[in-house]
Amino acid sequence: VQQNVERLFTRFVEEGKATVRLREPAVDLCLSKANVINLKTFLSAVRLAHQSSDTGALPLSPLVPAKNSDVEKPKTKMIITSRRDYPLTKSFPFSLEHLQTSYCKLARIDTRVLCLRKLRKLDLSHNHIKQLPATLGDLVCLQELDLHDNHLEAFSGALCSSSLQKSLQFLDLSQNQIQALPIEFCQLRGLVRLRLDDNALLRLPCRIGQLSRLRFLSAARNKLPFLPSDFRKLSLENLDLFGNPFEQPNPLVPNIQLKIPVTLLECAARATVNHRIPYGCHLLPSHLCKDLEVAKTCRCGSACLSSFIQITVTMNLHHVAHTVVLVDNMGGTEAPILCYFCSLDCYSQFLDRHLQSN
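Residues numbered from 1 in each chain as written. Predicted model: local features only at pLDDT ≥ 70, side-chain atom pairs only at ≥ 80, totals over all residues. Heavy atoms only, no water.

Some details on the sheet that holds strand E3 (residues 28–31)
Then step 1. Taken together, three strands build an open sheet; the order of strands is E1-E2-E3 and the sheet is antiparallel. Every interior strand has two partners, whereas the edge strands, strand E1 (5–9) and E3, have only one. Here the average twist between neighbouring strands, direction ignored, is 10°.
Then step 2. Sheet topology places E1 next to strand E2 (residues 18–22); four bridges connect them, and they run antiparallel. Across the sheet, the residue bridging to Val-5 is Leu-22, located in E2. (Pairing = 2+ DSSP bridges. Helix = DSSP H or I, 4+ residues; strand = E, 2+ residues; numbered from the N terminus. Axes fitted to C-alpha atoms, helices over the stretch in contact; angles between N-to-C directions.)

As C-alpha cells, this is what we get:
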C-alpha cells in the first residue's frame with residue numbers, strides 16, 4: 001500500500017461502501033456491505049500506510065479469519081420475470097452463468113447482457129424482441145438460448161457463423177414470425193434440441209442433415225408443404241411436425257428443370273462435388289461456391305446444381321426418429337419429402353421401380 005494508492009472514493013462510506021484505487025496493479029478494490037465504523041478505521045489505516053507512516057502506529061485490529069457466511073459468493077444465476085424488477089441502473093454481475101429475463105417487454109437485447117462472457121444459459125422468452133444483434137455470437141460459452149414467444153422475423157446468418165457453431169446445444173425459436181432460416185443455419189452443428197413450433201416456416205434448411213448431433217426437433221404448426229431431401233440423414237429421438245399443411249406427394253408429376261445440353265457451369269459444379277475437389281472463394285467465383293453449398297444429390301449419388309428433376313415422395317418419419325408425434329389427426333406418421341434426379345434416365349429408373357411396387 002505504501003506510496004501505491006491512487007485515490008480513495010469515500011462518498012458513500014456512511015452506507016458501508018468505498019473504493020480504493022491502486023497504482024500497481026491498476027485495479028479498484030471495491031468494498032460494500034461493510035460495518036461503517038470498521039470501514040472508516042480501515043480507510044484511515046490505508047491513508048497512513050500510503051503516507052509511509054510507522055506501521056506500529058497504525059490503528060489495526062488483529063486479523064480474524066472470515067466466516068463462510070460472511071463471504072459473498074459470486075452470483076451465477078439471476079431470474080427476472082417482470083418489467084418492474086428489471087435492473088435499469090445496476091449492471092448485471094459478470095459472474096452470471098444463467099440469466100432469465102422473461103415478461104419484461106424487451107424490444108431488443110440489452111447490450112449489458114452481451115458482455116456476460118460466462119453465460120451458459122440465456123432465457124429471453126416472452127418479450128417483444130424483433131432482431132438479434134450479431135454480437136450475440138460473442139458469448140463463447142452459451143449453450144442454451146431461449147427466444148420463445150418474441151417478434152422475430154429472421155435468424156441471422158452471422159450468428160450461425162459465430163462461436164455459437166460449437167457451443168450452442170439448445171435453441172428455442174418457437175412462437176415467432178420466422179418464415180425461413182438462412183443457409184448458414186446448419187453450421188450450428190452442436191445443436192441437440194431445436195424448437196421451431198408456431199412460426200410461419202415455409203421450408204426447413206436444405207442442409208438440415210448436417211446437424212448430426214440433433215436429437216429433438218419440433219416444428220409443429222408451421223406452413224411446411226414438404227421436407228428437404230437432406231432430412232433423411234437425421235437421427236432423432238423425438239420429432240414433432242404436427243399441424244403442417246403437407247402436400248400430397250405425387251411422383252408422377254415431376255418438376256422438370258433440366259437444361260439440355262448441360263451448361264459448362266453445371267458440369268464444373270457436378271465434377272467439383274462428385275470428385276470431392278476442395279474449393280473456396282479464392283479458387284472459384286463466390287456465387288458458385290454458394291451454389292455448391294446447396295447442391296442437390298440424385299438417387300444415383302451424383303450432384304446437380306440448377307439442372308434437375310424434382311418430385312415429392314412419401315417417407316415414414318420413423319426412419320429418422322424413434323418417437324414421432326402424429327403428423328395429423330388421422331394417426332399418420334408419413335410426410336412428403338423432396339427427391340432429385342440428375343437426368344431423365346435416373347428418373348425413369350425410379351419411376352419403373354415405383355410403378356412395379358404399386
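What about helix H4 (residues 264–274)?
Then step 1. Taken together, the buried positions of H4 are occupied by Glu-266, Ala-269, Arg-270 and Thr-272. For H4, the angular spread of buried residues about the axis comes to 160°, placing them on one side.
Then step 2. Residues of H4 that are buried sit in contact with helix H5 (286–293) and strand E14 (303–304).
Then step 3. Of the residues one or two after H4, Arg-276 is the one with positive phi, at around 50°. (Buried < 20%, exposed > 50% of the residue type's maximum accessible area, 1.4 Å probe, protein only. Arc of directions from axis to C-beta. Contact = heavy atoms within 4.5 Å.)

What to know about the sheet that holds strand E7 (residues 144–146)
Then step 1. Sheet architecture is open: nine strands sit in the order E4-E5-E6-E7-E8-E9-E10-E11-E16, paired in parallel fashion. In the strand order of this sheet, the two ends are held by strand E4 (77–80) and strand E16 (321–325), each with one partner. Strand-to-strand twist of the sheet, defined as the mean angle between neighbouring strand axes without regard to direction, takes the value 5°.
Then step 2. Sheet topology places strand E9 (residues 193–195) next to strand E10 (residues 216–218); three bridges connect them, and they run parallel.

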